[in-house]
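Coordinates in review
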Amino acid sequence: MSVEEADAAVAQRKSEVPAAGQAFPRNHWYVAAGSAELGRHLLGRKLLGEHLVLFRREDGGAVAMSDWCPHRGFRLSKGKLIGDQIQCGYHGIRFEPSGACAGIPTQNAIPKQLRVRSYPLVEKWLWAWIWMGDPSKADPALIPHTGLEDRPYHHAFHLCCPMKGNYQLIHDNLLDGTHVSFLHAGTLDSEENTEVTDVDFSWETVGSLIRITRRFHNFLPTAMVAQSYALPQGVPVDRLLVTEHYMPSFVIVINRFTDPADPSRIVSEQIVHIPVTPAGRGEAYHFAGTSTSYPSGTKDDTAFLRGVIEQDLMAIETVQSGFDERGIAFREVSVRADTPGVQGRRIVASMVAAEM
Ligand code: FES
Ligand SMILES: [Fe+2]
């Protein structure tokens, strides 16, 4: 799409831009947790407006159940894991991973209604994916196809960062890369490249995928960038920066550095996984993991990512609090750089509408 076409599209659709703070579609796979977060302990987490408890069975299989004891409403995540059963911490009633009641300490008969809802949970790459919509539609083949499994890279889970902001604000943030030079000045950017002029930029939509591509030719990495991506210092490389948004729940950011003399030779590659999961209407999780062509996943790598994400968190929470204060009186004004973000909102709005 040319710059003029993008301008015209923004102007024409300005009145149709779906508002920030959108509802979330339910018939999709969302990341509930990093696989590394799950174990033989009870993890309580609020997802898509519901409190859930997550754990691993003795055979290692991952389980997600409603975190709500049907007896008197105690949180099951405050109970105990005994074998594969959860024992409620209030009056000791036990539940199987299927949600069926396994026993009541004070009687033998089990009322039929005394059961907990359990949810499909599937592990793929670094993540445990949950389906909280119509169970008859929970097909694992609907988890995004990214090609990540084809890369023999080093994989690392880094963090789960809760934010007081609508999940759509995380997509807005990632879909407008112009914030990098300002919000992340000094961490992701040298502050010298605030004008996006000598960069090839393109974007496309394929179904519910938005792909943004930037190319930097003969990019000379700063010492910090060379260290972050295991690049030789003082040697120019071609840089391909691709952001793929699998709306509404998963983003990958690919940083590929190639030899300008031989574009097929990858000098170094980092793929950041960013699952985006609503906790409720105005709260969400920003997860992070990496797949890299070089050894990584150290505490320093996690600390660096955390620092960057906390800058985004500050922006997202500030924006959310502004929306909360002003309500519908706040009208955003979009500019050309928002075109992919507006497209993201439109895709999600149509997913939500399709479920009504
Ligand atoms: S609230 Fe769980 S056993 Fe009573
Ligand atoms: Fe950012």
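Notes on the structure follow. (Residues numbered from 1 in each chain as written. Chains lettered and ligands numbered in written order. Predicted model: local features only at pLDDT ≥ 70, side-chain atom pairs only at ≥ 80, totals over all residues. Heavy atoms only, no water.)

**Let's talk about the environment of Ile104**
Basically, it comes down to this: Numbering of helices and strands runs from the N terminus, with a helix taken as a DSSP run of H or I at least four residues long and a strand as a DSSP run of E at least two residues long. Each residue is assigned to one of three classes by its accessible area relative to the maximum for its type, calculated with a 1.4 Å probe on protein chains only: buried under 20%, partly exposed between the two thresholds, exposed over 50%. Two residues qualify as a contact provided that any one of their heavy atoms is within 4.5 Å of a heavy atom in the partner residue.
Along the chain, Ile104 turns up in the loop between strand 8 (101–103) and strand 9 (118–119). Overall, Ile104 belongs to the buried group, its relative accessible area being 14%. A C-alpha to C-alpha distance of 4.7 Å links Ile104 and Ile93, two positions eleven residues apart in sequence. Among all residues touching Ile104, those that are not within four sequence positions of it are Ile93, Ala109, Ile110, Pro111 and Leu114.

**Some remarks on the coordination of the iron ion (ligand 2)**
Cut-off, in case you're wondering: Coordinating donors are taken as N, O and S atoms within 2.8 Å of the metal, stretched to 3.2 Å for Na, K and Ca; because water is absent from the atoms, sites can appear incomplete. All geometry calls rest on donor angles, where a four-donor set with angles between 85 and 135 degrees is tetrahedral, four- and six-donor sets with opposite donors more than 155 degrees apart and all others between 65 and 115 are square planar and octahedral, and all else is irregular.
Every protein donor of the iron ion (ligand 2) is accounted for by His179 (NE2), His184 (NE2), Asp312 (OD) and Asp312 (OD), and the metal-donor separations fall at 2.1 to 2.6 Å. Each of the four donor atoms around the iron ion (ligand 2) contributes to a set of angles spanning 55 to 147°, which defines the coordination as irregular. Between consecutive donor residues of the iron ion (ligand 2), the sequence gaps follow H-x4-H-x127-D.

**Concerning unusual backbone geometry**
Along the chain, Met247 connects to Pro248 via a cis peptide bond; the corresponding omega equals 5°. Within the secondary structure, Pro248 is located in the loop between strand 15 (237–246) and strand 16 (250–259). Its identity is not glycine, yet Ala230 carries a phi of approximately 55°, on the positive side. The exposure class of Ala230 is partly exposed, given its relative accessible area of 41%.

**Observations regarding the sheet that holds strand 1 (residues 29–34)**
Stated formally: When DSSP finds at least two bridges between two strands, those strands are taken to pair. A fitted line through C-alpha atoms serves as each axis, taken over the contacting stretch for helices, and the angle formed by two N-to-C directions is quoted from 0 to 180°.
In space, the three strands of this open sheet follow the order 1-11-10, with antiparallel pairing throughout. Either end of the sheet is taken by a strand with one partner, and the two such strands are strand 1 and strand 10 (121–124). If you compare each strand with its neighbour and ignore which way they point, the axes differ by 35° on average.

**Concerning the pairing of strand 2 (residues 43–47)**
With burial as the criterion, only one face of strand 2 is covered, namely that bearing Leu43, Arg45 and Leu47; the residues Gly44 and Lys46 on the opposite face remain uncovered. Of the pairings in the sheet, the one linking strand 2 to strand 3 (residues 50–56) comprises five bridges and is antiparallel in character. Each residue of the ladder has a partner; that of Leu47, found in strand 3, is Glu50. Between strand 2 and strand 3, which pair antiparallel and follow one another directly, the connecting turn spans two residues, one of which, Leu48, has a positive phi of 50°.

**Brief notes about the pairing of strand 4 (residues 62–66)**
For strand 4, the tally of buried residues reaches five of five residues, placing the bulk of the element in the interior. With five bridges connecting them, strand 3 and strand 4 associate as antiparallel partners. The residue bridging Val53 from the neighbouring strand is Met65, located in strand 4. Between strand 3 and strand 4, which pair antiparallel in sequence order, lie five residues; one of them, Gly60, sits at a positive phi of approximately 95°.

**Brief notes about the environment of Glu58**
The residue Glu58 is located in the loop between strand 3 and strand 4 in this model. Along the sequence, Glu58 and Gly83 sit 25 residues apart, while their C-alpha atoms lie 6.5 Å from each other. Once residues within four sequence positions are removed from consideration, Glu58 is found in contact with Arg40, Gly83 and Asp84.

**Section: the packing of helix 2 (residues 167–175) against helix 6 (residues 339–354)**
Filter applied, for reference: Throughout, the term roughly parallel applies to angles under 35 degrees, roughly antiparallel to angles over 145, roughly perpendicular to angles from 65 to 115, and oblique to all others. Crossing chirality is assigned from the near helix's rotation relative to the far helix, an anticlockwise turn below a right angle marking it left-handed and a clockwise turn marking it right-handed.
Helix 6 packs onto helix 2 with a crossing angle of 150° between their chain directions and a minimal axis gap of 8 Å. Considered as vectors, helix 2 and helix 6 are oriented roughly antiparallel to each other. In the packing of helix 2 onto helix 6, the handedness of the crossing is right-handed. Taking contact as the criterion, the partners of Tyr167, Gln168, Asp172 and Leu175 in helix 2 are, on helix 6, Pro340, Gly341, Gly344, Arg345 and Val348.

**Things to note about the nonpolar core**
Definition in use: To form a nonpolar core, buried Ala, Val, Leu, Ile, Met, Phe, Trp, Tyr and Cys residues must be joined to one another through side-chain atoms within 4.5 Å.
If you look at the biggest cluster of nonpolar residues, it comprises 76 residues, and the most contacted ones within it are Leu54, Leu121 and Ile130. Top element by residues in this core is strand 16. It accounts for six residues. In this structure Leu54 touches Ala32, Ala33, Leu38, His41, Leu42, Leu43, Arg45, Val63, Ala64 and Leu121, once residues within four positions along its chain are discounted. Counting residues in each nonpolar core, the second largest holds 16 residues, with Phe55, Leu81, Cys88 and Phe95 among its members.

**A look at the sheet that holds strand 15**
Read from one edge of the open sheet, seven strands run 12-18-17-16-15-14-13, paired in antiparallel fashion. Edge positions in the open sheet fall to strand 12 (154–163) and strand 13 (200–206), since each of these has one partner strand only. Direction aside, the axes of adjacent strands within the sheet are offset by 15° on average. As judged from the ten bridges shared by strand 16 and strand 17 (residues 262–280), these two strands associate in the antiparallel manner.

**As for the side chain of Asp172**
Along the chain, the position of Asp172 falls in helix 2. Given a relative accessible area of 17%, Asp172 falls into the buried group. Excluding residues that lie within four positions of it along the chain, Asp172 makes contacts with Gly341 and Arg345.

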